[in-house]
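Okay, here's what each chain looks like letter by letter:
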Amino acid sequence: MEHRQLFSIADYGAIGDGHTLNTAAIQAAVDACAGSGGGTVVFPKGVFLSGTIRMRGGITYLLERGAVLRGSGSLADYTDNGFYHNELGLVVSLLWARDEEDIRITGDGKIDFSARDFFAGSRIISPVPDESLLTPEQRAEAVLEIRPRPNQPIFFESCRDITIDGVTLLDSPCWTITCSRSRRIQIHHITVRNSLIVPNCDGIHLSACKDVIVGDCLFECGDDCVAVTCITAEGQEDISERILISRCHMRSRSAAVRLGHLKGKVRHVVVSDLVITDSNRGLAVFSGDEGYVEDALFTNITMETRIVAGVWWGKGEAAVICAAGSSGHIRDITLQNIRARSEAGVLLAGTDGNVRDVTLRDIDLRLVKGSNDTLFGGDLDFRPNLFLKGAADISQGVYAEGVENLTTENVRIQG
């Protein structure tokens, strides 16, 4: 569809002063555009405060240079869309769409989700019983307690042909972009900068999605940068598959890339050409009861990981592949051409061979100890599956238990 008609939100009464609530004006522009057969909704220069907006299909949402769509800092300005999320309850978003086709969010502007307002005054969740043991630097890394907040700031459910490119997304209070049961998704050249101490503020979460490309993006997130799961949809046909994640720079307090979680079903994934810095985990592949991850390739990745003070999952691992303690399985996983400077190496754990056919090829691991090792190190952390306190020395670089057909080729370990 050619998007020729322009609908400026200013023409519908939106005021970009950073104080006026523009929800009704923005929604009026969207509805008028949809009613005329589609086009482009334009956000001009200015700071436009808003609550929940329902996106419609056949529309490009264009944020011009200098435009900021700012989510209200008050939950009273948001409404749920009726979708129930297995983990987070009723979905509350700034922007949402269900059963729509052909949506594009683009431009040089920004979307600011105002997490700072929802977490103002929050206490940290202490990672140790005696907080006096924490240095100021360790306290600054600890996660904040969860507060009521919009839980899916940008949310697509059962949509097709989604494109997000160019925009900068800031300060999300929870999963920044969520696509659930959607197809044909392209996300390019976006920047996501979230607080590193806000819980659950994933960059992109793909749940039961198919035919997805994520490329040339920058992420700083207090949770996973990109997660591929199915935790908003757990039927037998709810599978995430045919996904490419490439050429991204990532910084995370959980995992830079996560595949699988709980009952999630994931297959046919390629993750390539990443730079991962200052992260708690590099790569994470997990399966719980009834779930699986199959046929995933991780290649050409450079990373630095370390133990981050707090209750974050992970202990500075380069990669964790785990189906231990579950009836799920993981198979046909390849890690190749990976260079890592990490506090822990590659950890693999299964039960009765439910992790199998794993290849580690051309891996260069340099193991180091950081300032948080004394207080937080020494454990095998396979959360969300298992946490084994003081169970083993992981300084050996590669730890494998309950794995069948593990192949290693040219794996170099220093430290």
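As shown above, the structure is provided for reference.
So, a few notes on the structure that sits alongside this text.

The rules we used
- Residue numbers here run from 1 along each chain, matching the order of that chain's written sequence.
- It should be noted that, the model being predicted, local features are given only for residues of pLDDT at least 70 and side-chain atom pairs only at 80 or more, the latter also being counted only at that level, while totals for whole chains, interfaces and linings use all residues.
- Each side-chain value is worked out from all heavy atoms of the structure, with water and hydrogens disregarded.
- What makes a salt bridge here is a side-chain nitrogen of Lys or Arg within 4 Å of a carboxyl oxygen of Asp or Glu, nothing more.
- A helix here means a DSSP run of H or I that spans at least four residues, while a strand means a run of E at least two residues long, and both kinds are numbered starting from the N terminus.
- We call a residue buried when its accessible area falls under 20% of the maximum for its residue type, exposed when it is over 50%, and partly exposed in between, using a 1.4 Å probe and counting protein chains only.
- A strand pair is defined by DSSP finding two or more bridges across the two strands.
- Residue types Ala, Val, Leu, Ile, Met, Phe, Trp, Tyr and Cys, when buried and joined through side-chain atoms within 4.5 Å, form a set referred to as a nonpolar core.
- For this analysis, residues touch if any pair of their heavy atoms sits within 4.5 Å.

Within the structure shown, the criterion is met by 34 salt bridges. Ionic pairing is found between D211 and R242, a salt bridge with its closest N-O pair at 2.6 Å. Highlighted residues: D211 in strand β20 (residues 210–215) and R242 in strand β23 (residues 240–246), separated in sequence by 31 residues. Under the relative-accessibility criterion, D211 is labelled partly exposed at 26%. As a salt-bridge pair, D373 and K369 come within 3.7 Å of each other at their nearest N and O atoms. Overall, the relative accessible area of 55% leaves K369 in the exposed class.

The subject of this paragraph is the sheet that holds strand β10 (residues 95–98). Two modes of strand pairing occur in sheets, parallel and antiparallel, and in both the strands are linked by backbone hydrogen bonds. Spatial ordering of the open sheet is given by β5-β10-β13-β16-β19-β22-β25-β27-β29-β31-β35, a layout of 11 strands whose pairing is parallel. Each edge of the open sheet carries a strand with a single partner, namely β5 (53–54) and β35 (398–401). Where strand β16 (residues 177–180) and strand β19 (residues 204–207) come together, four bridges link them in parallel fashion. Across the sheet, C179 pairs through a bridge with L206, a residue of β19.

As a further point, take the nonpolar core. One finds I105, F156, F219, M250 and F298 to be the most contacted residues of the largest nonpolar core, which totals 94 residues. Residues contacting F156, with those up to four places away along its chain left out, are M55, A97, I103, I105, I162, I164, T178, C179, S180 and S182. Listed in part, the 11 residues of the second largest apolar core include C322, A324, F382 and Y399.

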